[in-house]
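What follows is the residue order along each chain.
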Amino acid sequence: MTEAQHVIRQVSSRIVYSNPWMTVREDAIEHPDGSPGLYGYVARPDFVLIVPEEDDGFHLVEEYRYPIGRRSWSFPQGSAEADTREDEARRELVEETGFQAGLLRYLGRMDNAHGMTDQGLHVYVATGLTRGEPHREHTEQDMRQRWVHRTEFEQMILDGVVSDSSSVAAYLLWRLRRA
């Protein structure tokens, strides 16, 4: 099946809630057999995720994540304003870690929670890192960062210390593209 072949037909759509970061939509739909249905989802812009690779390890960030009520380690990610996705990735990396990337390589695009949102993520690997001071947003004031060896990162995933699905998926993409 190609993307052009829609199985579910949208009958109508309305905005249920909106703020500067997201829009909640509710769509009246029609299933292939003609029966009606309802689908709610969150519309959000795509974001970038950066895998800062250095010395067979990675630089991670940790911050409090309000929806899950705890701190969480992940790769730097977000949606800094920029002209291109690559510029967005470079800017986000500097904002959260202070690192400038000598080389930024695109790994691919993935869907982020495709049953709940239309948002995607664009994954980059950053190498040739030059240290600097982070330029974090006010909302990132509690952010920490640290370097971990690749094997420690894998153990952090297994132990549930890294539970951010975007970071875990990006790591798999990094491993597959590396081979």
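Here the structure is a predicted model, which is why all the values come from computation and not from measurement.

Counted at 1.5 Å a residue, the expected span for helix α1 (residues 85–97) with its 13 residues is 18 Å, and the 18 Å between its end C-alpha atoms agrees. Taken together, the buried residues of α1 touch β4 (47–54), β5 (57–65), β7 (77–78), β8 (100–111), β9 (120–130) and β10 (144–149). Glycine 98 sits one or two positions beyond α1 and adopts a positive phi of about 90°.

Applying the stated criterion across every chain yields a total of 17 salt bridges. For arginine 85, the salt bridge is made with glutamate 88, and the minimal N-O distance between the two is 2.8 Å. Remark: glutamate 88 and arginine 85 occur in helix α1; sequence separation between them is three residues, near one turn of the helix. Residue classification places arginine 85 among the partly exposed residues on the basis of a relative accessible area of 31%. Of the charged contacts, one joins glutamate 86 and arginine 90 as a salt bridge, the two residues approaching to 3.4 Å between their closest N and O atoms. Here glutamate 86 and its partner arginine 90 are both found in helix α1, four residues apart, which amounts to about one turn of the helix. Using a relative accessible area of 35% as the deciding quantity, one classes glutamate 86 as partly exposed. Salt bridges here are not isolated pairs; linked through shared partners, they connect Asp56, Arg150, Glu154, Arg175 and Arg178.

In this section: helix α3 (residues 165–178). Under the 1.5 Å per step criterion, the end-to-end length of α3 is 20 Å for 14 residues, consistent within 8% with the ideal 20 Å. When we look at burial in α3, the residues that qualify are Ser166, Ser167, Ala170, Tyr171, Leu173 and Trp174. Buried residues along α3 cover an arc of 165° about the axis, so they all sit on one side. Across α3 from its buried face, at more than 90 degrees, point the exposed residues Ser165 and Leu176.

On to the packing of aromatic side chains. For the structure on display, the rule yields eight aromatic pairs. With a centroid separation of 5.5 Å and an interplanar angle of 65°, the aromatic rings of phenylalanine 58 and phenylalanine 153 are classed as edge-to-face. Of the two residues, phenylalanine 58 sits in strand β5 while phenylalanine 153 sits in helix α2 (residues 150–158), which places them 95 residues apart along the sequence. On the basis of relative accessible area, phenylalanine 58 is assigned to the buried category, the value being 1%. By relative accessible area, which is 0% here, phenylalanine 153 ends up buried. Connected via pairs of aromatic rings, a cluster forms that spans Phe58, Phe75, Phe153, Tyr171 and Trp174. Between arginine 146 and the ring centre of tryptophan 73, over which it is positioned, the NZ or CZ distance is 5.6 Å.

Thresholds applied
- Residues numbered from 1 in each chain as written.
- Predicted model: local features only at pLDDT ≥ 70, side-chain atom pairs only at ≥ 80, totals over all residues.
- Heavy atoms only, no water.
- Helix = DSSP H or I, 4+ residues; strand = E, 2+ residues; numbered from the N terminus.
- Expected span 1.5 Å × (residues − 1).
- Contact = heavy atoms within 4.5 Å.
- Salt bridge = Lys/Arg side-chain N within 4 Å of Asp/Glu carboxyl O.
- Buried < 20%, exposed > 50% of the residue type's maximum accessible area, 1.4 Å probe, protein only.
- Arc of directions from axis to C-beta.
- Phe/Tyr/Trp six-rings, centres within 6.5 Å; stacked < 30°, edge-to-face > 60°.
- Lys NZ or Arg CZ within 6 Å of the ring centre and 35° of its normal.

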